[in-house]
Structure formats: C-alpha cells, structure tokens
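# Survey of secondary and tertiary structure
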Amino acid sequence: MKRLYRSYEASTNIFKELQAKYPNYFKIESIGNTWENREINLITISKNIKTANSRPALFYTGTIHAREWIGHELAIEFAIYVLKNLETDPTLQTYLNESTVYMVPCANPDGYEYSRKHFSFWRKNRRQNVDGTYGVDLNRNFPIGFVKSTTAASNVYGGPEPFSEPETQALRDFVLSHPNITIALDYHSQGNVFFPAHDFRHEDTIDTTDMNTLCANMAEEIRKISGREYGIHQGKPPAKLISGSGREFYYSNGIISTVVEVGTRNISDYMEDMNENIREHIPALIHALKEADNYAKDNIMKRVNSFNATEIGSKHVNLKWDYKLNENIYFEIFRSTKDKQFCNSSNLISKTQSLEFNDINLASNRDYYYNIRAVNKKTNQKSPFYPQIKIRTLIEYDEYSRTYFANAKGTGYVAENLNNNPNHFGVNSLFVGVDDNKGISYAVISINVKSLPANALIKLASINLYPINRVSTTIEKYGEWNIGLVNQETMGDITNFDDVNNMEIIRYVGRPTESHQLTQGIWRNWILSGLECNDLKKSIKNDTIVLRVEGPKELTIGRTKQMMQWDIGYGSFGFGLAYRPRLELTYTIEPTTTTLYAKSIKTISKAEVIDDVITAGFDENGNKIYSTFQFNLASLPPYNDTMITKAYFELNSTKIYIKDDIRFHLEFVDENIDKNFNDITNREVIQNIGYDVSATELKNNQTQYFMFDSFSEIILNEKLKSKSDISFVLKPTSSVKILKNKSVSWEVSNNYLSPKLILEHIPKRRFPVEKVSNAKLSLENGKIKVSWTNPKNPDFVGAKVIRNPFRKPLSAQDGQKLYAGIDEYTLDDFGATDINKYYAIFTYDDVPNYSQAVILEYIPK
Ligand SMILES: [Zn+2]
C-alpha cells in the first residue's frame, strides 16, 4: 500500500462527487463487473453530457496491468483538472464542445487492489485458472493476434480464448457500441514511450503518419512541461509483435490507437515523480482531445492526394499535391529534420491555398521530413495527414557524403562483472550504463572508413545510435550517455573490460544524452562541432575509428539498474542491419589550385585598340576606356570529373597618381565579345565579379582580388563543359558627371604581377552512373524478391533499393531502405505480400550521385 495513490473505492467516490457537482459535464457508470464483483467504472466528460455520444470521442483506458498505477491516478487528476477549468478555459470549452472524453480509469480493478494490498508486482486480473493459478493478462485477451497458451501461471497468459474475461468483454461492448470513438489511448508504465498500433504487417500504413504525429505532438506537450523526451516505437516485426492487445482491437475498429508507457518504474515515487508525470500528461491528453474530431469517420476533410517531391536540390525542395479546392480550404505544411517529430505551430512552414510549395534556403545533405494536412478555415476541421515525405537535400558542389556503419567484429559491449565479454561482439545489443549484475558496462563501436580520402576535410559529422529499449533505465533524471573518440594507441583488447575502462578518450563528442532524453524508437544523434570533426579525422588508425559509449557508473542507494540498450543491428535481437550504429559525414577535399594567365589582353578606347596594355579610365572627351581579358580553360581536367569550388581574379596596379572619384569593376562577359569600342559598349554582362575598387583603394593596396560569387561560379563550371574561352571587362565608373583624361594602368609584363585567374578545383564526378537494367519482382519462399543487373561502369559503387507503399519515390530516402551494395538482388524480409507498393532501385557512385530511380510496382496476385 502506498498512500497518496488512491484506492479503487476512493476514485469511485471522487467520481460520484464530481457527478453530483458537475451533472451537465460529468457522468460515472458501470460497464460490467469483475470476477470479484467490482463494478468497472466508465466516466464521461463533455460540454453537454446528454449529447456526449453524438460527438467524436477520445477513449482512455488505464491500469489494465494491475501494477501500472499511473493510468488510474492520471484519469482522476485529469477529470478533476478539466472540470475545475472548463468554465474558465475557452480552449477546453471549444474542444469539449466538439469532442467527448470517455475514460476507464482502471480496466483491472481486482488486480489493482491485489497489487495495492498484497503483491505490488501483480500484473494480471484475478480469474482463478483451472490449474489453481490466478490471473489472465487482460492485454493479451483481445482477439487480434491472440495466442492460445496453456501456461496459465505465466505473467502474459492470454486466457482460454479471446474475450474470456469480464473486463475485456466490458471494453469490447463499450467500444463496439460507441462508433463515435476516434482515438484510443491505453496508459501503462514504464518506459517514456508511445507504442502506436500496427496491422501486424509492419509496413507503414496510410495512417502511420497520423499516429506518429499524434504521439509526437503529445510528446512535445510533455517536453514543454518537464524537458522529458518520449520515444515512439512500433515494436519488432513481425513475429514478436504483442498478441491479443487492446490497442490492436481498437485499431481494427478504425480507431487511431496507441499505448502510452509512462515513467521509469511501474509504481513511481508519488511526490517525486508521479506528480510530474501527471502534470506533463494533462496537456498531452488535452492535445489528443483536440485532435479527436479530425479523425471522425464522417469528417468531410479528406487527406490530400499524391503528396510528392517533384524536385530536390542542395538548397531547395519542391512539393506538389492534389486536392479538390474550394475557397475555404488551405493546407498546412510542416517540416522537421528528424523522424517522428511533432507538427505544431513551431514547425508549420506554410499555410497555402496553392497545390504546390517550394521550400528554399535549406542546408545541403540534410534529411528533411514533410507533412501535410488540409484545413477548412470556416469550421477549423483538419484532415488526417498524408504519408510523410522524407528527402535528403543534395550535396553542394564541393561536397561528398558518406554513411559508415559499425563493423560487427569491433562492435559490442563489455561489462565489469561478466567473463564472457568477447561473446558480446557482433551480436545482441549494446548495453551501456550500470546494473547490479553486470556492474559498469561500456559499448565499443568500430567503424571502417577506408573510403574516406586522406585529404578529406570533414564539414559535418554525426554519430547515430538507435535506442532499442530503455526499460532498464529505472532512475528518473539520473546519468548521461556520452560518446568518446578512442586513442587507438592506448586501446588494448576491446573485448576486455579493464582495457576498455583504461583506454584514453581523446575527447567526448556532441552533447550528452541525459536519461530523460532516451527516446526509444527515435534515432539519437551526437552532432560533432568543427573541432571535434578535426579530432575525429585525426583519430583514424588503420582506416578505423573507434568510439566508446558510456553511461552512469554508479547507482543511487536502493536502486539496481540504470542501463540503456542500444541496437547493434547484428544478430537476432535487434531490428536488423539498417539499425547498426552509423557515422554520417559530409566532407570536401583539399582543392588543387590552377593559375591561368590571360591569353589576350587589350585596352579599348574610342580612338584605338592596344594589345598587352591594361588601362581603364576616361579619355580626353570623357569617353570610357576599357580593358579586356581572355582566358582559356583547356588546361583544367575534364568537366565530368571536376568541380571548380572557388575562383578569383587578381590584378596588380602600378603607381597610381590620381585621387579623383573613379572606380573600377570587373565584369564576367560572354566570350564572344568583339574587340572594338562599339561592341564593348553593347556587351552583355553575365555578372559583376567582386566589388568595385576605388582609386584610393588601389593606392593603398597594390594587389586587388575580385572574388566570384556563387552564380559566377556556376557559370564558370558551365564554361568548363566546353573548355571555352572566358572573358572579362574592366570598366571605369564615376559619380562625377564628366571626367576627362583620367586613367589607371595595371601591370602586364611582369609574370608575377600580371593578371591571373586563380581556380580551386576538386576531382568529383558530376553525374551518376547508368541505371540498373533487367529490374524485376518475383516471389521466393513467400517473400518479395527484387532483382536487377548492375551497370558495367568502373565508377559504379552500388545499388540502393527502397520500398514505399504510397508513392513512387523521387529520392533515395523516401521510403524504407531495403538494401545498398553490389549484389544484384534483395529479399524484402518484412514486406507484406498482400498489399500494393513501389520498389525503387537507384545506382550510386563514390560521391554519391544517385541515378534516376528504376521503379517497380508490386501488385498482389
Ligand atoms: Zn502494461
């Protein structure tokens, strides 16, 4: 027994009091009786209790597992909060005008009371089983995926048949007789994670974005209150999915449905933690209530159609979609840089009535996630979301990108008290932290970076780990998880605890992840600063980077574990190879500098054309005197394999005597410029290079540099294609109306001082290699097999296969990655064979440039 936590009888009394005090807003009723003959309470909160059943509804269930007390407590506090504030809070009034709340605060009253009074870790209900044991796990007693087991003593015994228990029958009957329910939330403890429903296929469904967004928006409400971050996790496909749970039953009835796992213990310290959990979940529940009417079956706001990326650049993305427009409809577009993020006002990047949107000023080589929903501005009703688009912007023209995965042999964990540490490499998970049995535990991650050139300059790096399970981090807000670069000179045996404990860490990288930021099911990344990128590069030895991951090293009194489980990707415990620890790099390489000298220089005035002289200014009649320069790009390497990354023009002045207001600027002009005064005055300018220089500046600074801007660099790169001549004009200007007989001359004869075009360039392929050929789909042992023939190009590095059930992917990121490498087939291990989907195959080179997709549509027989 723990005081502050209320008994079932106490909550029943509280609800009866609320009903007496707020009869228009609140109702308590019984929806069935338990084995021990307790009434199963259902409470309704509405702006008008008489018509509550006619509005879309949020359905809440708590404490179906006896020892998970949060559900019961939160329901009591939520009801009290809403009723107390309903008359003064206009948003609550609006939400409760539109939607209804149904709550079963405790779906397992017998088990809960048993847990309170006799055995706090009791989980099941109190049925007497035929073998003399007690209890059925009610959350295994629903029909979807029900598993018939005879081990009645088991903690997850599902009962003799689906709906064998009075508690699940009551839930079933209530849900089936209330088709107005649109969202179902089932509250459990522990793990700080949402587990949305799935259809046992374990591919994204049309409403996956809706469920992830609902959870992410609730998570954001929680984060605002306490800083705590919640994970969103659908569970492991397909065999280990939870059988017979309520969540899937509700989902199978067309209800958006998720489990919410609260806190870090089943029964937390009320004053220390439960208070905060309640405080952070009340706004999360209010958010869910706000969404309830958007998922009504009769919502006239339909999803948009065919939301697509139509163009992707290094800095922009164009999006298009279809919809039946009218004057009341607009669209909300949300952008995130991580998966499973919220969609609220802080990442709403556009409200538009158009059917397209161009997003600009993006960063290169970054992942962006886009979500869209339609809104009716008159009724404020919103449509469900269209499946999320994921793209990665292209790299800049001086960039390369690499994704490196941890290698199996060099990746594992070592624990202080275990003597089989070598067996933890290449299999299992990465356990990091401390517990009573294992002692201190470190993970070691080895990453082979052989393909990274020695002259690479790393611009951006992130280390990414997938949190697979956080259920063993049982102490609230305690400890942080860090990643360190290992000095491999001091490394020793990475499978030996003492050696790992003693290895020198060059530096820790990125920001620490604190225990309340461990978000199971959402990738965690450590983003390196510029200095850390340099050290990352320096730490490479034998083409390998070694990292040590560490968590807290001691426990607080009376607590037995603070241990985090990260996915290793290898072996049967994890989620598969896509979930290996990974290093993402964006880099450039040290450029080669080529200096070009002008092949022709002329001074052109109205009176004459003079070769090999640079003069600019005004003649005796006030007409301009120009200089022209022509260069040739033939000495540079071929266009297809070369990128000019920087360019500037150098001019050196000789002695300057004038102090008049005269300025000069350099123009990049079409190379077909003719060399006479008339043509020069009618020339077409491509772009001015750099800024004007004044006569005064020339006096102070003999050497002047004219820097190319991005646009001029693009044109210069284009000129490289034809290896054509390029031309420049030096033009004088003055604010004085008429200036006569003033000119400046520049150095020509001395090679050191003569005008130069200085180009920095790197070897880099501009275009992808050819597409794959002979692509086809077949079925092999019940799995979909994708096969193809790779192109015979020596620069071919691999083929990448992705799957998308909703659209033809434009980008190699827009879908689930199935394979990347040099094989010519892959099997879709988790792909359902009974639904339509698209497979896209891209080839890539070492930049990587991705080819256009070869798309295959799978249509079930
Ligand atoms: Zn539970």
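Check the entry above for the structure.
The structure reproduced in this document is the subject of the present report. Remember, it's a predicted structure, so these values are computed and weren't measured experimentally.

### Let's talk about the pattern of salt bridges
Evaluation of the coordinates by the stated rule reveals 49 salt bridges. Salt-bridge contacts for Asp 834 lead to Arg 201; the nearest nitrogen and oxygen are separated by 2.9 Å. In this pair, Asp 834 is assigned in the loop between strand 44 (825–828) and strand 45 (837–844) and Arg 201 in the loop between strand 6 (193–196) and helix 6 (208–226), connecting sequence segments 633 residues apart. On the basis of relative accessibility, which here comes to 45%, the residue Asp 834 falls in the partly exposed class. Between Lys 541 and Glu 489 there is a salt bridge, with its nearest N and O atoms 3.9 Å apart. In this pair, Lys 541 is assigned in the loop between helix 10 (530–538) and strand 25 (544–550) and Glu 489 in the loop between strand 22 (480–486) and helix 9 (497–502), connecting sequence segments 52 residues apart.

### Let's talk about the coordination of the zinc ion
For the zinc ion, every protein donor is listed as His 65 (ND1), Glu 68 (OE), Glu 68 (OE) and His 188 (ND1), and the spread of their distances is 2.0 to 2.5 Å. For the zinc ion, the four donor atoms are set out with angles of 56 to 145° between them, so the coordination reads as irregular. All donors of the zinc ion belong to a single chain; written as a sequence motif, their spacing is H-x2-E-x119-H. In this pair, His 65 is assigned in the loop between strand 3 (57–62) and helix 2 (70–85) and His 188 in strand 5 (residues 181–188), connecting sequence segments 123 residues apart.

### Notes on helix 1 (residues 8–21)
In this model helix 1 runs 20 Å from its N-terminal to its C-terminal C-alpha over 14 residues, within 8% of the 20 Å that 1.5 Å per residue would give. Buried within helix 1 we find Tyr 8, Ser 11, Thr 12, Ile 14, Phe 15 and Leu 18. Looking straight down helix 1, one finds its buried side chains confined to an arc of 160°; they lie on one side. Exposed residues lying more than 90 degrees from the buried face of helix 1 are Glu 9, Glu 17, Ala 20 and Lys 21. Looking at the buried residues of helix 1, the elements they touch are strand 1 (26–33), strand 2 (39–45), helix 2 and helix 4 (109–117).

### Overview of the packing of helix 2 against helix 8 (residues 270–291)
Across the interface, helix 2 lies against helix 8 with an axial gap of 9 Å and an inter-helix angle of 60°. The angle between helix 2 and helix 8 falls in the class oblique. Once helix 2 is placed against helix 8, the crossing between them reads as right-handed. On the side of helix 2, the interface is formed by Ile 70, Glu 73, Leu 74, Glu 77, Phe 78 and Tyr 81, while helix 8 contributes Tyr 270, Met 274, Asn 277, Ile 278, His 281, Ile 282, Leu 285 and Ile 286. Class assignment of the residues belonging to the contact of helix 2 with helix 8 gives a composition of 10 nonpolar, two polar and two charged.

### Let's talk about the environment of Leu 531
On the secondary structure map, Leu 531 appears in helix 10. Judged by relative accessible area, Leu 531 falls into the exposed class, the value being 57%. Placed 149 residues apart in sequence, Leu 531 and Lys 382 show a C-alpha to C-alpha distance of 46 Å.

### Re helix 13 (residues 710–722)
In an α-helix there are 3.6 residues to a turn, and that puts residues three or four apart on one side. Turning to helix 13, its buried residues are Ser 712, Glu 713, Ile 715, Leu 716, Asn 717, Lys 719 and Leu 720. Where helix 13 is buried, its residues touch strand 33 (642–652), strand 34 (663–669), strand 35 (685–694), strand 37 (725–733) and strand 39 (756–763). Backbone geometry just after helix 13 places Lys 723 at a positive phi near 50°.

Reading the values: rules and limits
- Residues numbered from 1 in each chain as written.
- Predicted model: local features only at pLDDT ≥ 70, side-chain atom pairs only at ≥ 80, totals over all residues.
- Heavy atoms only, no water.
- Salt bridge = Lys/Arg side-chain N within 4 Å of Asp/Glu carboxyl O.
- Helix = DSSP H or I, 4+ residues; strand = E, 2+ residues; numbered from the N terminus.
- Buried < 20%, exposed > 50% of the residue type's maximum accessible area, 1.4 Å probe, protein only.
- Donors = N, O, S within 2.8 Å, 3.2 Å for Na, K, Ca; no water.
- Tetrahedral: all angles 85-135°; square planar, octahedral: opposite > 155°, others 65-115°.
- Expected span 1.5 Å × (residues − 1).
- Arc of directions from axis to C-beta.
- Contact = heavy atoms within 4.5 Å.
- Axes fitted to C-alpha atoms, helices over the stretch in contact; angles between N-to-C directions.
- Parallel < 35°, antiparallel > 145°, perpendicular 65-115°, else oblique.
- Left-handed = near helix turned anticlockwise from the far one by under 90°.
- Nonpolar A, V, L, I, M, F, W, Y, C, P; charged D, E, K, R; others polar.

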